[in-house]
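Residue strings, one per chain:
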Amino acid sequence: MKMTDIRTMAKLRGLKFGVGTTKVQAVRMIQLDEGNFDCFARAESGYCDQDGCIFRVDCLSLAPKQKNE
């Protein structure tokens, strides 16, 4: 999912991102606002049981790169 799509989703929810907000930070903010866990890019093992999540493809591709967050 492109950052422009994420910004649109956030705007519809009334969320605002500061300058320099990363894709990972932005998606996690949306997840929290939805009442979900902020788990985006945290599936370091490559496993995620959230099959219906719209962020899943990006999440699993970014997770190995986010080990320190």
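The preceding data block contains the structure.
Not measured: the values here are computed from a predicted model.

A.B. asks: Tell me what's going on with the pattern of salt bridges, and back it up with residues and numbers.
C.D. replies: A side chain with one charge may pair with a side chain of the opposite charge, provided their charged atoms come close. Per the stated rule, a full pass over the model turns up four salt bridges. With its nearest N and O atoms 2.7 Å apart, the salt bridge here joins Asp33 to Arg13. Highlighted residues: Asp33 in helix α2 (residues 23-33) and Arg13 in helix α1 (residues 3-13), separated in sequence by 20 residues. The exposure class assigned to Asp33 is partly exposed, which follows from its relative accessible area of 36%. Lys23 is the salt-bridge partner of Asp58, the closest N and O atoms lying 3.0 Å from each other. Of this pair, Asp58 sits in helix α3 (residues 56-62) while Lys23 sits in helix α2; the two residues are 35 residues apart in sequence, bridging distant segments of the chain. A relative accessible area of 26% places Lys23 in the partly exposed class.

A.B. asks: Kindly report on the side chain of Gln31, identifying the contributing residues and their values.
C.D. replies: Looking at the secondary structure, you find Gln31 in helix α2. Once residues within four sequence positions are removed from consideration, Gln31 is found in contact with Asn36, Phe37, Asp38, Cys39, Phe40 and Phe55.

A.B. asks: Please set out the packing of aromatic side chains residue by residue, giving values where relevant.
C.D. replies: Scanning all chains against the criterion turns up one aromatic pair. Ring centres of Phe40 and Phe55 lie 6.1 Å apart, and the angle between their planes is 75 degrees; on these two criteria the pair is classed as edge-to-face. Of this pair, Phe40 sits in the loop between α2 and α3 while Phe55 sits in the loop between α2 and α3; the two residues are 15 residues apart in sequence, bridging distant segments of the chain. We classify Phe55 as buried; its relative accessible area is 3%.

A.B. asks: Lay out the packing of α1 against α2 in plain terms, naming residues and giving numbers.
C.D. replies: In a packed pair of helices, the relevant descriptors are the angle between the two axes and the axis-to-axis distance. Following both chains from N to C, one finds α1 and α2 inclined at 30 degrees, their axes separated by 10 Å at the closest point. On the basis of their axis angle, the class for α1 and α2 is roughly parallel. Where α1 crosses over α2, the handedness of that crossing is left-handed. Residues Met3, Ile6, Met9, Ala10 and Arg13 of α1 form the contact with α2, whose participating residues are Lys23, Ala26, Val27, Ile30 and Asp33. Split into classes, the residues belonging to the contact of α1 with α2 amount to seven nonpolar, no polar and three charged.

A.B. asks: Tell me about the side chain of Thr21, and please be specific about residues and values.
C.D. replies: Summarising the element assignment, Thr21 is placed in the loop between α1 and α2. Here the side chain of Thr21 touches Gly18 through a polar contact of 2.8 Å, landing on its backbone oxygen. The contacts of Thr21, once residues within four sequence positions are left out, are Met3 and Ala26.

Definitions and cut-offs
Residues numbered from 1 in each chain as written. Predicted model: local features only at pLDDT ≥ 70, side-chain atom pairs only at ≥ 80, totals over all residues. Heavy atoms only, no water. Salt bridge = Lys/Arg side-chain N within 4 Å of Asp/Glu carboxyl O. Helix = DSSP H or I, 4+ residues; strand = E, 2+ residues; numbered from the N terminus. Buried < 20%, exposed > 50% of the residue type's maximum accessible area, 1.4 Å probe, protein only. Contact = heavy atoms within 4.5 Å. Phe/Tyr/Trp six-rings, centres within 6.5 Å; stacked < 30°, edge-to-face > 60°. Axes fitted to C-alpha atoms, helices over the stretch in contact; angles between N-to-C directions. Parallel < 35°, antiparallel > 145°, perpendicular 65-115°, else oblique. Left-handed = near helix turned anticlockwise from the far one by under 90°. Nonpolar A, V, L, I, M, F, W, Y, C, P; charged D, E, K, R; others polar. Polar contact = N/O pair within 3.5 Å; in protein donor to acceptor, adjacent residues only side chain to side chain.

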